[in-house]
Each structure stands twice: as structure tokens, then as C-alpha cells.
Amino acid sequence: ITKNELVPKHALLTDNEKQDMLNTYKITLRQLPRILLDDAVIQNLGGKLGDVVKIIRKSPVAGEAVYYRVVVKG
């Protein structure tokens, strides 16, 4: 599924990266958009509840757009 050109790049953040991102944006995990634990990409990455996923999408304007989502139960 991650090889499909329509699926943007997903990467799980380490605990340190997650904390740095939350501190940078001065937010909590509850303020992040959610992605379900049973999402095919999350299962492929081995994600677990509370993990933060960095999603890098191609953008015609910005080149790349970065999004963060927290893994939640469905």
C-alpha cells in the first residue's frame, strides 16, 4: 500500500521527535487530527495507540506539505 503513488509518505515519530513537535507548535496530542489504528498504512508501519504519524504530501504550491496525526482506536 505504501508503494502506491496516491498514498503520501507516512513515518512514525520517535518519542523525542513527538515531544519536540508538540513543544514547537505548543499543542497537546488531543489537538492533533486523528488516524485510526486499523488504517492500512498504520498497520503496515506497526503503529500503536498514541503514536504520532508524520505525513508528507506533494503540493503544487509548496512542493511538500507536512501533516501530523495521532493514532487512535476506531
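Preceding this section is the structure that the text describes.
Structural notes, computed from the coordinates.

Once that is clear, we can look at the overall build of the protein chain. For the protein chain, the count of helices and strands is 2 helices and 4 strands. Scanning the protein chain from its N terminus toward the C terminus, one meets helices and strands in the order β-α-β-α-β-β. Its C-alpha atoms put the protein chain at 30 × 30 × 20 Å along the principal axes. Counting all 74 residues of the protein chain, 24% fall into the buried class. Sequence separation of 24 or more characterises 52% of the internal contacts of the protein chain that already satisfy a separation of 6 or more. Just so you have it, the protein chain exposes about 5,500 Å², and 51% of that area is on carbon and sulfur atoms.

The pairing of strand 2 (residues 34-36) with strand 4 (residues 63-72) spans 3 bridges and is parallel. If you follow Arg34 over to strand 4, its bridge partner there is Val70. Pairing of strand 3 (residues 52-59) with strand 4, which is carried by 8 bridges, proceeds in the antiparallel orientation. Across the sheet, the residue bridging to Arg57 is Ala65, located in strand 4. Between strand 3 and strand 4, which pair antiparallel and follow one another directly, the connecting turn spans 3 residues.

So, about the pairing of strand 3. Each regular strand displays side chains that alternate between the two surfaces of the sheet. Pairing between strand 1 (residues 9-12) and strand 3: 4 bridges, direction antiparallel. The residue bridging Ala11 from the neighbouring strand is Lys54, located in strand 3.

Bringing the pattern of salt bridges into the picture now. Counted according to the given criterion, the structure contains 1 salt bridge. A salt bridge links Lys48 to Asp51, with the nearest nitrogen and oxygen atoms 3.5 Å apart. Note on Lys48: relative accessible area 54%, which makes it exposed.

Bringing the sheet that holds strand 2 into the picture now. Backbone-to-backbone hydrogen bonds pair the strands of a sheet. The strands run either parallel or antiparallel. Taken together, the 4 strands give an open sheet; going across it, the order is 1-3-4-2, and neighbouring strands pair in mixed fashion. The sheet is open, and its two borders are formed by strand 1 and strand 2, each paired with just one other strand. In this sheet, neighbouring strand axes are inclined to one another by 40° on average, regardless of whether the strands run parallel or antiparallel.

Rules behind the numbers
- Residues numbered from 1 in each chain as written.
- Predicted model: local features only at pLDDT ≥ 70, side-chain atom pairs only at ≥ 80, totals over all residues.
- Heavy atoms only, no water.
- Helix = DSSP H or I, 4+ residues; strand = E, 2+ residues; numbered from the N terminus.
- Buried < 20%, exposed > 50% of the residue type's maximum accessible area, 1.4 Å probe, protein only.
- Contact = heavy atoms within 4.5 Å.
- Areas by Shrake-Rupley, 256 points an atom, 1.4 Å probe, with all protein chains shown as cover.
- Pairing = 2+ DSSP bridges.
- Salt bridge = Lys/Arg side-chain N within 4 Å of Asp/Glu carboxyl O.
- Axes fitted to C-alpha atoms, helices over the stretch in contact; angles between N-to-C directions.

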